Amino acid sequence: MQYQSQKVAMPYFIAAIGLFTGQILFGLIMGLQYVMGDFLFPAIPFNVARMVHTNLLIVWLLFGFMGAAYYMIPEETESELFSPKLAWLMFWIFLVAGALTIVGYLLVPYAGLAKMTFNDLWPTMGREFLEQPLPTKLGIVVVALAFLFNISMTILKGRKTSIALVLLMGLWGLAVFFLFSFYNPSNLVLDKYFWWWTVHLWVEGVWELILGSLLAFVLIKVTGVDREIIEKWLYIIVAMTLITGIIGTGHHYYWIGTPEYWQWFGSVFSALEPIPFFMMTVFAFTMVNRRRREHPNKAATLWALGTGVMSFLGAGVWGFLHTLAPVNFYTHGTQITAAHGHMAFYGAYVMVVLTIISYAMPVMRGRAANSEKAQVMEMWSFWLMTVAIVFITLFLTAAGILQVWLQRVSDTPMGFMAAQDQVTLFYWLREISGVIFLIGLITYIASFFVGGETKEAA
Amino acid sequence: MSTPSIVLHSHKPGSPPGDLAIWFFIFAELLAFGIFFGSYAFSRAHHVELFNQSQLLLNRESGAINALVLITSSYFVVRAVAAIKQGLDRECANWLAAAIGLGCVFVVIKLFEFHAKFSAGISLSTNTFYMFYLSLTIFHFMHVILGMVILAAVMLKARRGGYTPEEHTGVETGASYWHMVDLVWVVLFPLVYVIR
């Protein structure tokens, strides 16, 4: 570790992995509720489990992004963090606020929680992914601003690299687009219209910039390829992401009351969205093939390559599958969407955070890489989780195709619940894959506690 | 005026002129326009009458003038590249300034055209033809502006003496992008304004 203040990334990464575990446990609970509707009812109803599952995902990824920024920025700017103390303070504020929110979801009925947290003064709750009570939302803004202040000040006083600037652009974008979660017009069309400005412009816009810069940082470190080459790739990927992703928002605007031209804009531009992801795959493999050193951290390289492949499959291919308006006419809001969501989030964002953790954690613990034994275990966890998510995606896709057929295409369309009964088998198979994912996650966590011979950090 | 002899391959033989990165960009842009052109053809096949009627209301003269304007500006850009290959950076900058000037002419003519359409109450939701007409021309319009910004950056650097006969990748990069902007109009104009 070149700079002392980089170490503040460690609590962020540990919290991220902890919340990740919570996310998976609630995923399993919910997966079981798909086939055993009254499982854990009334303690944890389905809607609460779902909210906890998705909110934990977002919060732990944010912890991961912040940790990554705190680790990368001192090294990129060649200067200590502006204020490590502020970073520590924000860590505790964010963790406590996040934990209280989850406890609130679990212990108080949602309507009661809304009442307790002044939702009637400024209604923002009740919308998918943005369910957080007002105080939590305000807390997120405060933490994000303090975090951005800290990172921006560090960049201002240090070296300015493209990787740092792309990361900064992504993080500022993340904060700015979150502000739309406070805008909740009573017109349902406008509500949905701007809701996507947070949700879509995060995951198919600014988060991709964060993804690109994290991946570029780790690739420079593990391959030793010239920064100049890596940065050129990063620029093209960023340009392609923004060209396709921004107007690509249109693929959420089909038949929700927005003008018809969105069907064309959404279809054309989002059909091109796989390109930046494909470039990311080619980028990762080309850089690793051109490597100029053999970095001892093989696990981090594996995660980096995995991010390239899985983000292309999950976000690119599975996104394209249902992005064209005439296709989406049938698939909208079915298990096809769930299939895409699982592989895209895992392939793009989960994997890139695990990539940077895999690279940075050993360094922060005073070694270039973990022992052979620990790395083998980590690579096992890579394969277990990745194969499990592939099967979750395939089973959900099968469930989705069947659902679309039974419910929307056949001559005698079934009702929603009747169609759900017909796809139970796939839900069971998905749940089994979920258990394998959990085993992979436990293996991953265990790999941090495996000893063995290690090399000193360079 | 004597025509300077042009060295055709100052860049590595076998690789495209300019920075390779711009070619990824150009390819992606052409793909996006290509898909849009394809969608236009597909839609037109379903609404031939509507497309023909609406098309007659377009201002073909201004479209044709703009085609000439852009083709001429592309020629100026070619002269700029030829000039820098001979180390004439002042001349290169002047040719680029002329190309940017014609870009401005394009923009002004287009603004008059848009103004006339918007005053007539035409919008993206008027009908499918106008949806395509407006989105294609507005997207292209934004590319003209971006192209002018790129040419301006190249021009300023050329004026400062930033390019040499050996190293002038930047000029070729800007020129390649500008030719793409021109090429798209050369397809767009007949497709949307003329062909029935």
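Scoring rules and cut-offs
Residues numbered from 1 in each chain as written. Chains lettered and ligands numbered in written order. Predicted model: local features only at pLDDT ≥ 70, side-chain atom pairs only at ≥ 80, totals over all residues. Helix = DSSP H or I, 4+ residues; strand = E, 2+ residues; numbered from the N terminus. Buried ≥ 20, exposed ≤ 12 C-beta atoms within 10 Å, placed from the backbone. Contact = placed C-beta atoms within 7 Å. Rg over C-alpha atoms; globule rule 2.2 N^0.38 Å. Core = buried A, V, L, I, M, F, W, Y, C linked by C-beta atoms within 7 Å. Domains from an automatic or database assignment. Expected span 1.5 Å × (residues − 1). Axes fitted to C-alpha atoms, helices over the stretch in contact; angles between N-to-C directions. Parallel < 35°, antiparallel > 145°, perpendicular 65-115°, else oblique. Left-handed = near helix turned anticlockwise from the far one by under 90°. Nonpolar A, V, L, I, M, F, W, Y, C, P; charged D, E, K, R; others polar.

Student: Describe the overall build of chain B, and please don't skip the residues or the numbers.
Tutor: Within chain B one finds six helices and zero strands. Secondary structure elements of chain B occur, N-terminal to C-terminal, as α-α-α-α-α-α. Overall, the C-alpha framework of chain B stretches about 55 × 30 × 25 Å when taken along its three principal axes. For chain B, the proportion of its 196 residues judged to be buried stands at 34%. In chain B, of all internal contacts separated by at least 6 residues, the share reaching a separation of at least 24 is 82%.

Student: An account of the overall build of chain A is requested, with residue identities and associated values reported.
Tutor: In terms of helices and strands, chain A carries 16 helices and zero strands. For chain A, the C-alpha radius of gyration of 22 Å lies close to 23 Å, the compact-globule estimate for 458 residues. A principal-axis box enclosing the C-alpha atoms of chain A has dimensions of 65 × 45 × 45 Å. Counting across all 458 residues of chain A, residues that qualify as buried make up 50%. Taking contacts inside chain A between residues at least 6 apart in sequence as the whole, the part at least 24 apart equals 80%.

Student: Give a detailed account of the environment of Leu96 of chain B, specifying residues and quantitative values.
Tutor: Residue and element names in this part refer to chain B. Position of Leu96 relative to the elements: it lies in helix α4 (residues 89-119). Sequence spacing of Leu96 and Gly14 is 82 residues, and the spatial spacing of their C-alpha atoms is 26 Å. In this view, Leu96 contacts Val77, Ala80, Leu151, Val154, Met155 and Ala158; residues no more than four positions away in its chain are not counted.

Student: Give me the lowdown on the interface of chain A and chain B, citing residues and values where you can.
Tutor: With 14 residues of chain A at the interface, the matching set in chain B holds 13 residues. For the side of chain A that touches chain B, the secondary-structure elements that each account for two or more residues are α8 (227-248) and α9 (261-271) of chain A.

Student: Please set out the nonpolar core residue by residue, giving values where relevant.
Tutor: In this structure, Ala80 and Leu96 of chain B are the most contacted members of the largest nonpolar core, which totals 183 residues. Ranked by the residues each element gives to this core, the list is headed by helix α2 (residues 46-77) of chain A, at 20 residues. Counting contributing residues per domain, this core is built from domain 1 (1-160) and domain 2 (213-458) of chain A, each supplying no fewer than three.

Student: Report on the domain arrangement of chain A, specifying residues and quantitative values.
Tutor: All names here are of chain A. For chain A, the assigned domains read domain 1 (1-160) and domain 2 (213-458). Using only C-alpha atoms to locate each centre, domain 1 and domain 2 end up separated by 20 Å. On the side of domain 2, 23 residues touch domain 1, which itself brings 22 residues to the contact. Elements represented by at least two residues in the side of domain 1 that touches domain 2 include exactly α1 (9-35) and α2. The biggest single contributor to the side of domain 1 that touches domain 2 is α1, with 13 residues.

Student: Describe helix α1 (residues 20-46) of chain B, listing the residues and the values that go with them.
Tutor: The end-to-end C-alpha distance of α1 of chain B is 40 Å, a good match for the 39 Å that 27 residues give at a rise of 1.5 Å each. Taken residue by residue, α1 of chain B has Ile22, Phe25, Ala32, Phe33, Phe36, Tyr40 and Arg44 of chain B as its buried positions. Those residues of α1 of chain B that are buried are in contact with α8 and α9 of chain A together with α2 (48-56), α5 (128-159) and α6 (169-194) of chain B.

Student: Before we move on, could you go through the packing of α4 of chain B against α5 of chain B and cite the residues and values that matter?
Tutor: Packed helix pairs are characterised by how far apart their axes lie and by the angle those axes make with each other. All names here are of chain B. Where α4 meets α5, the closest approach of the two axes is 9 Å, and the angle between their N-to-C directions is 160 degrees. Relative to α5, the element α4 is oriented roughly antiparallel. Considering how the two elements wind past one another, α4 and α5 form a crossing that is left-handed. Two secondary-structure elements touch here, α4 through Asp89, Cys92, Ala93, Leu96, Ala97, Ala99, Ile100, Gly103, Phe106, Val107 and Lys110 and α5 through Phe141, Val144, Ile145, Gly147, Met148, Leu151, Ala152, Val154, Met155, Ala158 and Arg159. A per-class count over the contact of α4 with α5 returns 17 nonpolar, two polar and three charged.

Student: Provide a residue-level description of unusual backbone geometry, including the pertinent values.
Tutor: Backbone geometry follows two general trends: most residues other than glycine have a negative phi, and most peptide bonds adopt the trans configuration. All names here are of chain A. That bond from Phe41 to Pro42 is cis: its omega, 5 degrees, falls within 30 degrees of zero. The residue Pro42 is located in the loop between α1 and α2 in this model. We note that Trp255 has phi near 50 degrees; this positive angle belongs to a residue other than glycine. Checked against the element boundaries, Trp255 lands in the loop between α8 and α9.

Student: I'd love a proper account of the environment of Phe37 of chain B, names of residues and values included.
Tutor: Residues and elements named next belong to chain B. Of note, Phe37 is situated in helix α1. Taking the number of C-beta atoms within 10 Å as the measure of exposure, Phe37 has 18 and is therefore partly exposed. C-alpha of Phe37 to C-alpha of His115: the two residues are 78 residues apart in sequence and 24 Å apart in space. Setting aside its immediate chain neighbours within four residues, Phe37 contacts Val187 and Leu191.

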